[in-house]
Amino acid sequence: MRRNTAYQAAFESHPFLKKYLMRAIFRLYVDVETTGSSSQFYDKFSSRFYLSDILMELWDDQHYRRSLHELVAVNERLVLNTINMLLNDANWLLDSTLDTLQELHGLQMMMDNPAEWNSLTQEQQQEKRQRFAEIEKKLKTTLQLANSSVKVLVALTGDGNIRKVFLRPE
């Protein structure tokens, strides 16, 4: 991440940010579930990708970590909802990746089989190549989104004060 020293100084020293930013990130993570847009299901992943990136940038700052511990103490439900959505996102994204990999594999097998590939018209071959490129692009994006969710989950489960939210008897 490219750092802007003015922003970095604000994040490192501003008392309002240190107190409320983690709560705002967790609240926004939950709130983007329903945007009202017809594409809200897919839109949330983009927003959550950036929220996860911000969270991971702040993760090593002890003030922000303490703020998150306080959030667990005063609003465990919000933290639990966020964790639930992180798990759901990671699960859906990884499942989607497996489905997409199957399609990519099928196209690759077709392209690697000269008899099957040469039986297609030039136009069909071009369509298959374009679809292959689209799938590769989709996979890259989907895996980046899944990786950001998994990184946050790893960080959260690595913190003893937050891990207890994962271990509730529900």
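What counts, and where the lines are drawn
Residues numbered from 1 in each chain as written. Predicted model: local features only at pLDDT ≥ 70, side-chain atom pairs only at ≥ 80, totals over all residues. Heavy atoms only, no water. Helix = DSSP H or I, 4+ residues; strand = E, 2+ residues; numbered from the N terminus. Buried < 20%, exposed > 50% of the residue type's maximum accessible area, 1.4 Å probe, protein only. Contact = heavy atoms within 4.5 Å. Areas by Shrake-Rupley, 256 points an atom, 1.4 Å probe, with all protein chains shown as cover. Salt bridge = Lys/Arg side-chain N within 4 Å of Asp/Glu carboxyl O. pLDDT = per-residue confidence, 0-100. Axes fitted to C-alpha atoms, helices over the stretch in contact; angles between N-to-C directions. Parallel < 35°, antiparallel > 145°, perpendicular 65-115°, else oblique. Left-handed = near helix turned anticlockwise from the far one by under 90°. Nonpolar A, V, L, I, M, F, W, Y, C, P; charged D, E, K, R; others polar. Expected span 1.5 Å × (residues − 1). Polar contact = N/O pair within 3.5 Å; in protein donor to acceptor, adjacent residues only side chain to side chain.

Colleague: Provide a residue-level description of the overall build of the protein, including the pertinent values.
Modeller: Across its full length, the protein holds eight helices and zero strands. Walking the protein from its N terminus toward its C terminus, one meets helices and strands in the order α-α-α-α-α-α-α-α. Taking the principal axes of the C-alpha coordinates as reference, the protein spans close to 65 × 45 × 30 Å. Taken over 170 residues, the protein has a buried fraction of 34%. Nonlocal contacts in the protein, meaning residues at least 24 apart in sequence, comprise 73% of its contacts between residues at least 6 apart. Summed over its atoms, the accessible surface of the protein is roughly 10,800 Å², and 53% of this surface lies on carbon and sulfur atoms.

Colleague: Quick one: what's the story with the pattern of salt bridges, residue by residue and with numbers?
Modeller: As enumerated under the stated definition, the model contains seven salt bridges in all. Note that Asp31 is salt-bridged to Arg27, the shortest N-O span being 3.7 Å. Residue Asp31 and its partner Arg27 are both found in helix α2 (residues 15-31); the two are separated by four residues, about one turn of the helix. The exposure class of Arg27 is partly exposed, given its relative accessible area of 37%. Where salt bridges share partners, they join Glu33, Lys44, Arg48 and Asp89 into one cluster.

Colleague: Which residues make up the confidence of the model for the protein, and what values do they have?
Modeller: Per-residue confidence for the protein gives a mean pLDDT of 90; residues scoring 70 or more make up 97%. The weakest mean pLDDT in the protein belongs to helix α1 (residues 5-13) at 76; the strongest belongs to helix α6 (residues 114-118) at 96.

Colleague: Hey, could you go over the packing of α2 against helix α3 (residues 40-58) for me, with residue numbers and the actual values?
Modeller: Contact pair α2 / α3: the axes reach a minimum separation of 10 Å and the direction vectors enclose 160°. One element, α2, and the other, α3, form an angle in the roughly antiparallel class. Of the two possible hands of crossing, α2 and α3 adopt the one that is left-handed. Note on element contacts: α3 touches α2 through Arg48, Leu51, Ser52, Ile54, Leu55 and Leu58, opposite Leu21, Met22, Ile25, Phe26, Leu28, Tyr29 and Val30. Residues of the contact of α2 with α3, tallied by class, amount to 11 nonpolar, one polar and one charged.

Colleague: Can you explain helix α4 (residues 62-74)? Please cite residues and give values.
Modeller: The end-to-end C-alpha distance of α4, which contains 13 residues, comes to 18 Å, matching closely the 18 Å that a straight helix rising 1.5 Å per residue would cover. Its side-chain oxygen placed 2.8 Å from the backbone nitrogen of His63, Asp61 serves as the N-cap of α4.

Colleague: Hey, could you go over the packing of α3 against helix α5 (residues 76-112) for me, with residue numbers and the actual values?
Modeller: The interhelical angle for the contact between α3 and α5, taken along N-to-C directions, is 110°, at an axis separation of 12 Å. Our classification of the angle between α3 and α5 gives roughly perpendicular. For the pair α3 and α5, the crossing hand works out as left-handed. Here α3 contributes Phe41, Tyr42, Lys44, Phe45 and Arg48 to the contact with α5, which in turn contributes Met85, Asp89, Trp92 and Leu93. Here the contact of α3 with α5 is built from residues that sort into six nonpolar, no polar and three charged.

Colleague: Break down the side chain of Arg48 for me, citing the residues and quoting the values.
Modeller: Tracing the backbone shows Arg48 in helix α3. Once residues within four sequence positions are removed from consideration, Arg48 is found in contact with Tyr29, Val30, Val32, Glu33, Met85 and Asp89.

Colleague: How would you explain the side chain of Ser148 if you had to name every residue and give the values?
Modeller: Relative to the assigned elements, Ser148 resides in helix α7 (residues 122-157). Within the local environment of Ser148, its side chain forms a polar contact with the backbone oxygen of Leu145, the two atoms lying 2.8 Å apart. Apart from residues lying up to four places away in sequence, Ser148 is in contact with Phe49 and Ser52.

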